[in-house]
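# Inside the fold
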Amino acid sequence: MAIYSIYILSKSGGLIYQYDHTSIKVEVEKTFSYPLDIQLTEKNKRIVVAYGQKDGINIGHILLAVNGSQLNGTSLGDGQEVTAFLANESNYPVNLKFGRPKLSTNDKMFLASGFYSFYLIARQLSPVLASSGIEFLEADTFKLHGFQTLTGIQFLIVTEPNQMNVEHLLRRVYELYADFALKNPFYSLEMPIRCEKFESNLRLVLEQQEESSVNTA
Amino acid sequence: MSSLKLKTTILDRSISKGKNEVSLNGFALLFSEIVQYCQNRVSTVPELQAKLSEFGQQVGIRMLDLLIVREKNGKREIKLLQILIFIKSTVWKSLFGKEADKLEHANDDDHTYYLIEKESLVNKFISVPKDKGNLNCAAFSAGIIEGILNTSNFPAKVTAHWHKGTTYMIKFDESVILRDKQLEGR
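Residues numbered from 1 in each chain as written. Chains lettered and ligands numbered in written order. Predicted model: local features only at pLDDT ≥ 70, side-chain atom pairs only at ≥ 80, totals over all residues. Heavy atoms only, no water.

An unreviewed UniProt entry lists chain B under the name Trafficking protein particle complex subunit 5, with Daphnia pulex as the source organism. You can read under Sequence similarities (unreviewed entry) in the UniProt record for chain B the words "Belongs to the TRAPP small subunits family. BET3 subfamily." (UniProt positions renumbered as here; feature names shortened; annotations may be inferred.)

Within an unreviewed UniProt entry, the label attached to chain A reads Trafficking protein particle complex subunit, and the organism entered is Daphnia pulex. According to UniProt, the comment filed for chain A under the heading Function (unreviewed entry) is "Core component of the TRAPP complexes which has a function of guanine nucleotide exchange factor activity for Rab1 GTPase. Plays a role in vesicular transport from endoplasmic reticulum to Golgi and autophagy. May play a role in dendrite postsynaptic membrane trafficking." Note on chain A: under the UniProt heading Sequence similarities (unreviewed entry), the record states "Belongs to the TRAPP small subunits family. TRAPPC4 subfamily."

Residue and element names in this part refer to chain B. The antiparallel open sheet is built from four strands, whose spatial order is β1-β2-β4-β3. Whereas interior strands pair on both sides, the edge strands pair on one side only; in this sheet they are β1 (102-105) and β3 (156-162). The average undirected angle you get between the axes of adjacent strands in this sheet is 20 degrees. Here strand β2 (residues 112-117) runs beside strand β4 (residues 166-172); their pairing, made up of six bridges, is antiparallel. (Pairing = 2+ DSSP bridges. Helix = DSSP H or I, 4+ residues; strand = E, 2+ residues; numbered from the N terminus. Axes fitted to C-alpha atoms, helices over the stretch in contact; angles between N-to-C directions.)

Moving on: the nonpolar core. One finds Leu52(B), Ile87(B), Ile145(B), Leu149(B), Tyr168(B), Ile170(B) and Phe172(B) to be the most contacted residues of the largest nonpolar core, which totals 46 residues. Looking at this core, the element that brings in the most residues is helix α4 (residues 80-96) of chain B, giving eight residues. Excluding its chain neighbours within four sequence positions, the residues that come into contact with Ile145(B) are Ile87(B), Trp92(B), Leu115(B), Val158(B), Tyr168(B) and Ile170(B). Grouped together as the second largest cluster of nonpolar side chains are 27 residues, Ile6(A), Ala181(A), Phe198(A) and Val205(A) included. (Core = buried A, V, L, I, M, F, W, Y, C linked by side-chain atoms within 4.5 Å. Buried < 20%, exposed > 50% of the residue type's maximum accessible area, 1.4 Å probe, protein only. Contact = heavy atoms within 4.5 Å.)

Our next topic: the interface of chain B and chain A. Residue-level contacts link 17 residues of chain B with 11 residues of chain A. At the boundary of chain B with chain A, total buried surface from both sides reaches about 1,200 Å², with 60% on carbon and sulfur atoms. Of all residues in chain B, the largest losses of buried area upon contact with chain A belong to Phe125(B), Ile126(B) and Ser127(B), amounting jointly to 45% of the total for that side. Our count for the chain B to chain A interface comes out at five residue pairs in polar contact (both at pLDDT 80 or more). (Buried area = accessible area lost by both parts, 1.4 Å probe. Polar contact = N/O pair within 3.5 Å; in protein donor to acceptor, adjacent residues only side chain to side chain.)

Residues and elements named next belong to chain B. One can find serine 152 in the loop between α5 (139-151) and β3. For serine 152, a relative accessible area of 13% translates into the label buried. Polar contacts involving the side chain of serine 152 include one to the main-chain carbonyl oxygen of isoleucine 148, which spans 2.5 Å. With near-sequence residues (within four places) excluded, serine 152 lies in contact with Leu64, Arg76 and Ile83.

Our next topic: the pattern of salt bridges. This model, assessed by the stated rule, comprises 15 salt bridges over all chains. When the shortest N-O distance is used, the salt bridge between Glu27(A) and Lys97(A) registers 3.5 Å. Separated by 70 residues along the polypeptide, Glu27(A) in strand β3 (residues 27-32) and Lys97(A) in strand β8 (residues 94-99) bring together distant segments of the chain. Three or more residues joined by partner-sharing salt bridges are found here, namely Lys88(B), Lys93(B) and Glu99(B). (Salt bridge = Lys/Arg side-chain N within 4 Å of Asp/Glu carboxyl O.)

All names here are of chain A. Note the cis peptide between tyrosine 34 and proline 35, where omega equals -5 degrees. Residue tyrosine 92 is joined to proline 93 through a cis peptide bond whose omega torsion reads 0 degrees. Here proline 93 lies in the loop between α1 (82-87) and β8. Within the chain, alanine 130 stands out as a residue other than glycine whose phi angle is a positive 55 degrees. Within the element layout of this structure, alanine 130 appears in the loop between α2 (105-125) and β9 (136-138). Alanine 130 sits in the exposed class, given a relative accessible area of 72%. Backbone geometry at glutamate 190 places phi at a positive 70 degrees, although glycine is not the residue there. Here glutamate 190 shows up in the loop between α3 (166-181) and α4 (196-216).

When cut into domains, chain A gives domain 1 (3-23 + 104-216) and domain 2 (27-99). Computed from C-alpha coordinates alone, the two centres of domain 1 of chain A and domain 2 of chain A are separated by 36 Å. (Domains from an automatic or database assignment.)

Take the confidence of the model for chain B next. Residue and element names in this part refer to chain B. In the predicted model, chain B carries a mean pLDDT of 89, and the fraction of residues at 70 or more is 91%. Mean pLDDT across the elements of chain B ranges from a minimum in helix α1 (residues 2-6), with 50, to a maximum in α5, with 96. Interface confidence for the predicted complex, given as ipTM, is 0.80, next to a pTM of 0.82. (pLDDT = per-residue confidence, 0-100.)

Bringing the packing of aromatic side chains into the picture now. Residue and element names in this part refer to chain A. Scanning the entire structure with this criterion turns up 15 aromatic pairs over all chains. Here the aromatic rings of phenylalanine 32 and phenylalanine 98 are separated by 6.3 Å at their centres, their planes lie at 80 degrees, and the arrangement is edge-to-face. Residue phenylalanine 32 is located in strand β3, and its partner phenylalanine 98 is located in strand β8; the two are separated by 66 residues in the primary sequence. One exposure class covers both phenylalanine 32 and phenylalanine 98, and it is buried. Pairwise contacts between aromatic rings join Phe147, Phe155, Tyr174 and Tyr177 into one cluster. Taking the ring centre of phenylalanine 147 as reference, the NZ or CZ of arginine 171 above it sits at 4.2 Å. (Phe/Tyr/Trp six-rings, centres within 6.5 Å; stacked < 30°, edge-to-face > 60°. Lys NZ or Arg CZ within 6 Å of the ring centre and 35° of its normal.)

Here is the structure:
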């Protein structure tokens, strides 16, 4: 049971708050011999797997470490470029660690506004007027719970499939938003929420929720 | 008949305490608006604090009269320590529903007193952004204290600081300390 992340969207579909609670690390380590049988490219200053998916190393994964030492962008700890290092036969066999890249803030904003469009489409698909849109979305690895307030703010919580009582949690997060964002004179509507007290209380609520769901399980 | 009718006016009724609780949410939203109102009219943090303090002083002046009549049978405090205790307990209780946490006397300066509040009610929902530095919206409460002290003829400057929660630094005028020492002799 886990709560992965929380998103808050403004009424115009912009991401105004995002919090990752539990993140799952996907990392694969493998020793390679020369020549390297997967194709790597450089993208956004990271080494990305482009071709040759195998043994849990998927396309889109990024190279995290070489021979146990962390990468710094596209260069090794000692400043040497990775591409040059991997092209040199004398460096083999080499141990490479790949992992799934975390979503960047930009990605999250992009996905959130994308989801918002789907939500609007869902509302239009409804044969009956005033549909609530997407409240719940189920996949094999996660569940997404949504809650739209009367003023158009949308709260999304991504959880593990067996997480219970998320509706209650959504209401609690709404309460926190009403308390610590709206009653804060330094918060302006529709803008990203940067309030210490909001964040600390949100963390508290999430921890309580997880504790209570452990107890009832 | 006419005298009977007169008795029912609001002025003839005793000033009862009544149910004097208001919604915390209502207060918090109002206070948030006050801060935003002030913020739109000033350009710097010290100015904002001064403006909030000004608002607080208006509250303090009115609270003093009301509480003296309600709780003290019309008798005003004349001793320094007494009025500080009056603020710490009576005023704070009627305004915020609880007493302030601590009252301290500065070690190095006999003009200065500290009133300490761990969790200030006015700051309950407020997160101050980093660029605002050491702004404390409890400057409003500091203004209340200042209003009460000044109208009770204890001229003082009161400021709010972030220290052990919120600390109100009360700096009395020289004349107050002198007068209090004279009173002590009697």
